[in-house]
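Residue-level structure breakdown
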Amino acid sequence: MKFRKAVTYDDVLLEPQYSTIRTRQEISLGNALSDDLWLDLPLISSPMDTVTEGEMALAMARHGALGVIHRYNDIETQASIVRELHAATSSTLSAMATPAIAAAIGVTGFYLQRAVALCESGANILCVDVAHGHHILVKEALRSLRSELGADVHLMAGNVATLAAFNDLADWGADSVRCNIGGGSICSTRIQTGHGLPGLQTIFDCAATDRDVKIIADGGIRTSGDIVKAIAAGADFVMLGSMLAGTAESPGEIIEDSAGHLFKKYRGMASKDAQITWRGRHSSNEGVATQIPYKGDVDLLLQDITNGMRSGLSYSGARDIIDLQTKAKFVRQTGAGLNESGTHILSR
Ligand code: IMP
């Protein structure tokens, strides 16, 4: 059997190119999610119970980014978060802009009732949040959601690993698709099931689509450098879990150890820990739960990430996302190259 090579973030680098950009402020990071929804910063926080509720979504909105309210609560709790967010976001944005309000749903049980309640509360983006998106239940859910809710609601769906899956979800009615299976920092899907694809390869593959549907790179993104690589490879948006977890705005208590170090919990939604909380039992565990050092305000973190992204575009001589995707020249690096790419004095 002949295997094709599949690359991920650490396998590649972007070649620096001639730049006519004099200051990073000349660079635009914005991108359209749909005809009437625009994000100034193409970042989306994950629908996870240790990443996105109202505070995170509001902080993301203030930076021109987006937060997806997780679905691991009862319908009324999630709908009330959306209602509060709608009022708060509307007053934060200019009168002209349509606030982007996103919330996650599943594909079984009362998911249609949840979807209707969320839209009535002000959500205009619904995220069909399933581990294996290339699935008949997702096909049926997307079709039901479209016929129940009409064309106006933006349907985000996933996750997928292949171009065939991406195109199917597009044809079933998705407006944007979360790409990558098994790459998340808290994910054990590949260990548990043997399935998945190196994350950046999925972006390269899905970027070959001829469908007019947005690509969201999701999972395994650790740095602003990874974000720039994902966008250069063809992603329109990047979804972040671990990078935003552990901040003041992520849900959950601050934990202090005996030495005074501060932490917050970060856990996969398919971890035993999360399943026990939300379902009272657990079946196939495809995630882990951990504590990560407390990072403080997400505002400073988002500013850092934004600065890194602007620098990244400038190294490719790119003024915006399309320019980056047009100009990007990827090279594969060796293990020695990867070593050199780190701050290697620290390991001497
Ligand atoms: P991270 O940014 O690398 O931490 O990955 C976050 C992403 O991991 C999320 O956006 C989901 O796509 C995915 N994810 C969340 N929970 C789980 C899980 O329990 N198992 C597998 N993947 C998960």
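Presented here is a report on the structure given in the accompanying data block. (Residues numbered from 1 in each chain as written. Predicted model: local features only at pLDDT ≥ 70, side-chain atom pairs only at ≥ 80, totals over all residues. Heavy atoms only, no water.)

Concerning helix 2 (residues 75-92)
Taking 1.5 Å per residue, 18 residues should reach 26 Å; helix 2 reaches 26 Å between its end C-alpha atoms and fits that length. Here helix 2 has its buried residues at Gln78, Ala79, Ile81, Val82, Leu85 and Thr89. Down the axis of helix 2, the buried side of the element spans an arc of 155°, and every buried residue falls inside it. Turned more than 90 degrees away from the buried face of helix 2, the exposed residues are Glu84 and Ser91. Taken together, the buried residues of helix 2 touch helix 1 (54-62), strand 5 (66-69), strand 6 (102-105) and helix 3 (111-120). (Helix = DSSP H or I, 4+ residues; strand = E, 2+ residues; numbered from the N terminus. Expected span 1.5 Å × (residues − 1). Buried < 20%, exposed > 50% of the residue type's maximum accessible area, 1.4 Å probe, protein only. Arc of directions from axis to C-beta. Contact = heavy atoms within 4.5 Å.)

Some remarks on helix 3
For helix 3, the complete set of buried residues consists of Tyr111, Arg114, Ala115, Ala117 and Leu118. For helix 3, the angular spread of the buried residues around the axis is 165°, confining them to a single face. Buried-residue contacts for helix 3 involve helix 2, strand 6, strand 7 (125-129) and helix 4 (136-149). Of the residues one or two after helix 3, Gly122 is the one with positive phi, at around 120°.

Points about the pattern of salt bridges
Summed over the entire model, instances satisfying the criterion amount to 16 salt bridges. Arg211 is the salt-bridge partner of Asp171, the closest N and O atoms lying 2.8 Å from each other. Taken together, the residues Asp171 in helix 5 (residues 163-171) and Arg211 in the loop between helix 7 (199-206) and strand 10 (214-218) connect sequence positions 40 residues apart. On the basis of relative accessibility, which here comes to 45%, the residue Asp171 falls in the partly exposed class. Linking Lys327 and Asp323 is a salt bridge whose minimum nitrogen-to-oxygen distance equals 3.3 Å. Taken together, the residues span about one helical turn, with Lys327 and Asp323 both in helix 11 (residues 321-327) at a distance of four residues. Residue classification places Lys327 among the partly exposed residues on the basis of a relative accessible area of 32%. (Salt bridge = Lys/Arg side-chain N within 4 Å of Asp/Glu carboxyl O.)

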